[in-house]
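These are the residues of each chain, in order.
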Amino acid sequence: MAKKIIDPNEMLGVMLAANKQPVPEKISWPKAGSLKLNGIRCLLFPTSAFGKPYCPPGKLLFEAAGSSLAMPISRSAKAHPNPNIRRKLAEAQAWCDKHDRILDGELYSPSTVEGDGGTLGALNGIIQSGKGNGTPKDVPDDLIYYVFDCMTVAQWQNKDGEIDPDLYMPLFEERYRGMQKYIANNIPRVEVIEQVNVESWEEVEDWSQRVFASGGEGLILRAWDTQYQHRRCGLAANDLMKLKDFDPMEGEIIDIIPMNKIADHAVREKDAFGRSKSVHKKGEKDTVEAAGSIKVRILDQKILDHFGVSELIISMGSGLCCKADNELNRHWIWENRSRLIGCVVEFKAMLVDAKDVPTLPVLRNFRWDKCDRPDDLTELPTASTAQDS
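Every residue gets a number counted from 1 within its own chain, in the order that chain's sequence is written. pLDDT decides what is reported in this predicted model: residues at 70 or higher carry local features, side-chain atom pairs at 80 or more are listed and counted, and totals for whole chains, interfaces and linings draw on all residues regardless. In computing side-chain values, all of the structure's heavy atoms are included and hydrogens and water are not.

A. Up close: empty space enclosed by the protein. Using a grid of 1 Å spacing that covers the protein atoms alone, one calls a set of points a cavity when a 1.4 Å probe fits there but cannot get out, and a pocket when the set is open and has protein on both sides within 12 Å along at least five of seven lines; lining residues are those with an atom within 4 Å of a point. Grid points are joined across faces, edges and corners, and a volume is the space filled by probe spheres set on the points. Taken as a whole and judged by the stated rule, the model has 1 cavity of 30 Å³ or more. Each pocket or cavity is described by its volume, and for the largest cavity that value is around 100 Å³. Every residue along the wall of the largest cavity is listed here: Met151, Gln155, Trp156, Asn158, Lys159, Asp160, Met169, Pro170, Arg175, Gln227, Tyr228 and His230. Its residues assigned to classes, the lining of the largest cavity comprises 5 nonpolar, 4 polar and 3 charged. Under the scheme applied, nonpolar residues are Ala, Val, Leu, Ile, Met, Phe, Trp, Tyr, Cys and Pro; charged residues are Asp, Glu, Lys and Arg; polar residues are all the others, including Gly.

As structure tokens, then:
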């Protein structure tokens, strides 16, 4: 039988979308499609799920069980501390307690995130205020908890059927119908994200173009026949994908930063999910003979005009690889670093929610038609040398 008491020190991870753009020809149809909100991930658990008042490890933030305040949790199993947020979600917490259900969704406020000066960071600042002796910020009137999944505590704990193979584990379509019936319009400040049945990439393209034209962030595609997975989904599995709006850009390389790796002697602490934490202490990382990131000066005047500046510098590491015969090979770039300064690269990035610089930049290729390719560049790695590296 699946456990109904959750150990906060052994929390399971949340279901995350694949971190690459979907490949149309590899998608199986139909899919559940929904708008991608630019919000903050939030989970609500029944207070009884933890046996005792839930306090994330090292974070004594929540009050005793039976408190009138909700206990919202982030995707990394940390508390959302602002008591004003917790009051807003008190009725949602009461629903979870009454029905022994876990809610998974996002906190979103259009007035805080959208429009001039609006950013996701501003919303996060409100949600995270009130830590320690800090003053909690007021919550926008339009803040809504948008729910996209729901299950019992036993189902949450029964990851991949490891605890109880016989426990009934509803697929997403059934979970969504249940949310529509029991949650939608029944809990103040809680809405169920609408899922639309989409049956082709052409439908997705048409929908996404309308979303991007109106300033939306993107779409989420989800398999109707998938169980909840406590991990980031792979793109090949087709279970959960995100489609975002990226703008093509160009920039001149002004610096190449070496890659670091965790030193063998470094001490790795564990987070609430049992995953190794990042290492930040000085002396616990070693430099590798490879490019970790490149720094470029943006050349597109329309991007500079968008931010109202005359110069914009951005760093990026996404897109660098170790593939053979590829000019984005990080070892080849590092070997030729002095020769590549001043060369032009093409990359893509998002302007949605971008406050000072474009976000989520990804390298695409060199633009040798926009600059002179140095004659003394070394040969690209072959399949054997790339594998050795």
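B. Molecular detail of helix H7 (residues 201-213). Compared with the 18 Å implied by 1.5 Å per residue over 13 residues, the 18 Å span of H7 between its first and last C-alpha is a close match. Among the residues of H7, Trp201, Val204, Trp207, Ser208 and Val211 are the ones counted as buried. The arc that holds every buried residue of H7, seen down its axis, measures 125°, which confines them to one face. Among the exposed residues of H7, those oriented more than 90 degrees off its buried face are Glu202, Gln209 and Ala213. Helix and strand definitions here come from DSSP, where helices need a minimum of 4 consecutive H or I residues and strands a minimum of 2 consecutive E residues; each element is numbered from the N-terminal end. In this scheme, a helix's expected span is set at 1.5 Å multiplied by one less than its residue total. For every residue, the accessible area (1.4 Å probe, protein chains only) is compared with the maximum for its type, and the residue is labelled buried under 20%, exposed over 50%, or partly exposed between those bounds. Think of it as the arc spanned by the lines of direction from the helix axis to the C-beta atoms.

C. Main features of the pattern of salt bridges. What counts as a salt bridge is simple: a side-chain nitrogen of Lys or Arg found within 4 Å of a carboxyl oxygen of Asp or Glu. Across all of its chains, the model carries 16 salt bridges by this definition. Glu217 serves as the salt-bridge partner of Lys244, at 3.7 Å between the closest nitrogen and oxygen. Pair noted here: Lys244 is in strand S8 (residues 240-244) and Glu217 is in the loop between H7 and strand S7 (218-222), with a separation of 27 residues, a long-range link. Across this residue pair, the class does not change: Lys244 and Glu217 are buried. One salt bridge in this structure joins Arg339 and Asp376, with 3.4 Å as the shortest N-O distance. Here Arg339, found in helix H10 (residues 337-340), pairs with Asp376, found in the loop between strand S13 (359-366) and helix H11 (383-388); they are 37 residues apart in sequence, far enough to count as distant. With a relative accessible area of 48%, Asp376 lands in the partly exposed category. In this structure, a network of salt bridges that share partners links the residues Glu250, Glu346, Arg367, Asp369 and Lys370.

D. Molecular detail of the sheet that holds strand S10 (residues 285-298). Strand pairing is defined by DSSP finding a minimum of two bridges between the two strands. With antiparallel pairing, the 5 strands of this open sheet are ordered in space as S11-S10-S9-S12-S13. Pairing within the sheet leaves two strands with one partner each, and these edge strands are strand S11 (313-316) and S13. Here the strands of the sheet are splayed against their neighbours by 40° on average, with no regard to which way each runs. Bridging between strand S9 (residues 247-262) and strand S12 (residues 344-350) involves 6 bridges; their strand directions are antiparallel. In the strand pairing of S12, Glu250 is matched with Glu346. All axes here are fitted lines through C-alpha atoms, helices being fitted over the stretch that makes contact, and every angle between N-to-C directions spans 0 to 180 degrees.

E. Here's a closer look at the packing of aromatic side chains. Only Phe, Tyr and Trp rings are paired, with Trp represented by its six-membered ring, and only when their centres lie within 6.5 Å; those with planes under 30 degrees apart are stacked, over 60 edge-to-face, the remainder tilted. Here the structure, examined in full by the defined rule, presents 8 aromatic pairs. Here the aromatic rings of Phe366 and Trp368 are separated by 4.9 Å at their centres, their planes lie at 0°, and the arrangement is stacked. A relative accessible area of 22% means that Trp368 is categorised as partly exposed. Just above the ring of Phe172 sits the side chain of Arg222; from NZ or CZ to the centre is 4.8 Å. Distance and angle both matter: a charge sits over a ring if NZ of Lys or CZ of Arg is within 6 Å of the ring centre and within 35 degrees of the ring normal. Geometry around Phe246 places Lys348 over its ring, the cationic atom sitting 5.0 Å from the centre.

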